[in-house]
Amino acid sequence: MLTVALLGGGFMAATHDAGYRELGERVRVASVCSLGEERSLSLATSLGARHVDEIGEALSDPTVDIVDVCLPTHLHREAAEKAFAAGYHVLLEKPIALTLADADAIIAAAESSGRLLMVGLVLRFWPEYVALHRLIASQELGPPRSVSTCRLSPPPDWNEWMADMSCSGGVAVDFLIHDLDQMNWLLGHPERVMAQSPTPGHVLVIAEYEGGRCGLAEAGMAMPSSYPFSSNVHVLCENGAAQYAFSAAPATDGGNIGGPVSGHGLRVYRAHGEADMVPVDIGDPWANEIAHFIDSVERGESPRQGTGEQARAALLVSLAVNRSLESGRIESV
C-alpha cells in the first residue's frame, strides 16, 4: 500500500481524495496539510487522516511515499522542492508553476532526486479527449490543421488567491493552460501567439504552430454566476473533423465545476461519410489521473501523461499569452 501526504484542503484536494478512494487498499492518505479551515478539517476526518498545518510536519512522516500538492500555484516550487529533497514522489496540480524558472527548478529537483513527478493536466485523462487523440493518431481523418477551444466559467468565488495574478498567473496560466496543452499535443510546437482581453478575466488567443497549423482559444472566468461551466474543442483535419462539448452544473461544495449535464461521446465528421458518435468509457477524469500516477509509482516508471516537460511546454504558451496581453503585440513562444 502506498501512503500519501496531501498538501491542501480545498476543492482540488477533495477531488484528489475521491480518486484515492476509488483505488481502495492500494493507497491511503496519511495526512492533510492546510491552515485548518473547516473544510480541510472535515476532509482529514473523512479520510481518517491526521490534520497538520505545517508542510514540514507532513513531510516528516517516514511512512509517506507520495506528496500530492494541491496548494496555490505560487507555493508549488517550494512545496515540490521540499518533497523531492525528502525523497518523495510528487503529484503536482496544474499549472506546474508561475514562471519558467520555477518550472525548471521543479523538474531539476525531480531529476536529481530520482523520484517521479506528474502534473495534473487532467484533460489528458478525460475520456473524450483520450478518444480524440486516439482518433487523430490513427490518421483516419488525416493530419490536424486547426484546433479551436472554448472554456468558460463564472468567477472563482470559492477562494481569494485565484483572483490575484501574482498567485495564480491569471486566466492564461491557471485556466487556459488546459486547452493550450491540448493544442500542443495535437498541433506540435507553437511559434507565436496574439492575445486580447475584451474584459477582465476573459481572454481570446490565436496561436500559430509549425507547418501553418493554427489554434484559436477563448477562455474566461467572468461569466454570470448562473452560467454553467462549459468547455468544447473542435479539431479540423484534412479528411474530416471532430468535436466534443461539455457543460456542468454549478458546484455545490466549492470549485467551479459540478456534475456533468452534457452527454458523453466524441462526435466525428468524416469527409466521405456520415457523422457519428464515438462512445467513450465513462469515468472520473481526476480518478483516471490519480490511477495513472499510482500505477507509475508502483511500476517505478515515469508517467506517460502529465510529464514535467508537457507541463513546461504548456506554461511557455501561457506566459507568451500574458506577454501579448501586456504588450498588445504578437509574442514569440
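Residues numbered from 1 in each chain as written. Predicted model: local features only at pLDDT ≥ 70, side-chain atom pairs only at ≥ 80, totals over all residues. Heavy atoms only, no water.

**Student:** Would you mind going over the packing of helix H6 (residues 127–137) against helix H9 (residues 177–187) with me for this structure?
**Tutor:** A pair of packed helices can be characterised by two numbers: the angle between their axes and the separation between those axes. Contact pair H6 / H9: the axes reach a minimum separation of 11 Å and the direction vectors enclose 20°. One way to sum up the angle between H6 and H9 is to call them roughly parallel. Of the two elements, H6 crosses H9, and the hand of that crossing is right-handed. Contact residues: Tyr129, Leu132, His133 and Ile136 in H6; Asp179, Gln182, Trp185 and Leu186 in H9. Tallied by class, the residues present in the contact of H6 with H9 amount to five nonpolar, two polar and one charged. (Axes fitted to C-alpha atoms, helices over the stretch in contact; angles between N-to-C directions. Helix = DSSP H or I, 4+ residues; strand = E, 2+ residues; numbered from the N terminus. Parallel < 35°, antiparallel > 145°, perpendicular 65-115°, else oblique. Left-handed = near helix turned anticlockwise from the far one by under 90°. Contact = heavy atoms within 4.5 Å. Nonpolar A, V, L, I, M, F, W, Y, C, P; charged D, E, K, R; others polar.)

**Student:** Please clarify how the packing of helix H5 (residues 100–113) against helix H11 (residues 308–327) should be interpreted in this entry.
**Tutor:** Where H5 meets H11, the closest approach of the two axes is 10 Å, and the angle between their N-to-C directions is 175°. Considered as vectors, H5 and H11 are oriented roughly antiparallel to each other. On H11, the residues touching Leu100, Ala103, Asp104, Ile107 and Glu111 of H5 are Gly308, Glu309, Arg312, Leu315, Leu316 and Leu319. By residue class, the composition of the contact of H5 with H11 is six nonpolar, one polar and four charged.

**Student:** How should I be thinking about H11 in this particular structure?
**Tutor:** Two residues of an α-helix separated by three or four positions point the same way, owing to the 3.6 residues in each turn. Taking 1.5 Å as the rise per residue, H11 with 20 residues should run 28 Å; its terminal C-alpha atoms sit 28 Å apart, in good agreement. Residues Gly308, Gln310, Ala311, Ala314, Leu315, Val317, Ser318, Leu319, Ala320, Val321, Asn322 and Ser324 constitute the buried set of H11. Residue Gly328 follows H11 closely and has a positive phi angle near 75°. (Expected span 1.5 Å × (residues − 1). Buried < 20%, exposed > 50% of the residue type's maximum accessible area, 1.4 Å probe, protein only.)

**Student:** Would you mind showing me how to read the sheet that holds strand S6 (residues 117–120) here?
**Tutor:** Strands belonging to one sheet form pairs held by backbone hydrogen bonds; the direction of such a pair is parallel or antiparallel. Pairing in this open sheet of six strands is parallel, and the strands run S3-S2-S1-S4-S5-S6 from one edge to the other. If you trace the sheet from one side to the other, it starts and ends with strand S3 (50–52) and S6, each paired once. Averaged over all adjacent pairs, the angle separating strand axes in this sheet is 25°, with direction ignored. Looking at chain direction, strand S1 (residues 2–7) and strand S4 (residues 66–69) are connected through four bridges and run parallel. Residue Leu7 lies in a different strand from S4, and its bridge partner there is Val69. (Pairing = 2+ DSSP bridges.)

**Student:** Quick question: what am I supposed to make of the layout of surface pockets here?
**Tutor:** One simple way to see leftover space: roll a probe sized like a water molecule over the atoms. Taken as a whole, the largest pocket encloses approximately 1100 Å³ of empty space. If you go around the largest pocket, you meet 42 residues; those closest to its centre are Gly10, Phe11, Cys70, Asn159 and Trp161. Of all the secondary structure elements, the ones that give two or more residues to the lining of the largest pocket are helix H1 (11–22) and helix H4 (76–85). For the lining of the largest pocket, the residue count by class is 22 nonpolar, 11 polar and nine charged. (1 Å grid on protein atoms, 1.4 Å probe; cavity = no way out; pocket = protein on both sides within 12 Å on 5 of 7 lines; lining within 4 Å. Points joined across faces, edges and corners; volume = space filled by probe spheres on them.)

**Student:** How should I be thinking about the pattern of salt bridges in this particular structure?
**Tutor:** It is possible for side chains bearing opposite charge to pair when their charged atoms get close. Tallying each qualifying case throughout the model produces 18 salt bridges. Between Arg124 and Asp181 there is a salt bridge whose closest N-O contact spans 2.8 Å. Of this pair, Arg124 sits in the loop between S6 and H6 while Asp181 sits in helix H9; the two residues are 57 residues apart in sequence, bridging distant segments of the chain. The exposure class of Arg124 is buried, given its relative accessible area of 6%. Each of Arg26, Asp295 and Glu298 takes part in a single network of salt bridges with overlapping partners. (Salt bridge = Lys/Arg side-chain N within 4 Å of Asp/Glu carboxyl O.)

**Student:** What exactly am I supposed to notice about the side chain of Asn322 here?
**Tutor:** Position of Asn322 among the secondary structure elements: in helix H11. A relative accessible area of 16% means that Asn322 is categorised as buried. Within the structure, Asn322 has its side chain in polar contact with the backbone oxygen of Gly169 (distance 3.1 Å). Those residues within four positions of Asn322 in sequence are excluded, and the remaining contacts are Met165, Gly169, Ala172 and Val173. (Polar contact = N/O pair within 3.5 Å; in protein donor to acceptor, adjacent residues only side chain to side chain.)

**Student:** Would you explain empty space enclosed by the protein in this entry?
**Tutor:** Tallied over the full model, the rule gives one cavity of 30 Å³ or more. The computed volume of the largest cavity comes to approximately 30 Å³. Those elements that provide at least two residues to the lining of the largest cavity are strand S11 (229–237) and strand S12 (240–248). Within the lining of the largest cavity, the residues separate by chemical class into six nonpolar, one polar and one charged.

**Student:** In this structure, what is going on with the packing of aromatic side chains? I would like to understand it.
**Tutor:** When we look at a pair of aromatic rings, we describe it by the centre distance and by the angle of the planes. Scanning the entire structure with this criterion turns up five aromatic pairs. With a centroid separation of 5.7 Å and 90° between ring planes, the pair formed by Tyr129 and Tyr244 is classed as edge-to-face. With a gap of 115 residues between them, Tyr129 in helix H6 and Tyr244 in strand S12 connect regions that are remote in the sequence. The burial state of Tyr129 is the same as that of Tyr244; both residues are buried. (Phe/Tyr/Trp six-rings, centres within 6.5 Å; stacked < 30°, edge-to-face > 60°.)

**Student:** Would you mind going over the sheet that holds strand S9 (residues 202–209) with me for this structure?
**Tutor:** The strand order across the open sheet built from nine strands is S14-S13-S12-S11-S7-S10-S9-S8-S15, with neighbouring strands paired in mixed fashion. Edge positions in the open sheet fall to strand S14 (276–278) and strand S15 (331–332), since each of these has one partner strand only. In the sheet, strand S8 (residues 190–199) pairs with S15 via two bridges, with the strands oriented antiparallel. Within the sheet, the bridge partner assigned to Arg192 lies in S15 and is Ser332. Lying on the sheet, H6 is in contact with strand S7 (144–152), S11, S12 and strand S13 (266–270); it crosses S11 at an angle near 5°. Contacts from H9 reach S7, S8, S9, strand S10 (214–220) and S11 within the one sheet, and its direction differs from that of S7 by about 170°.

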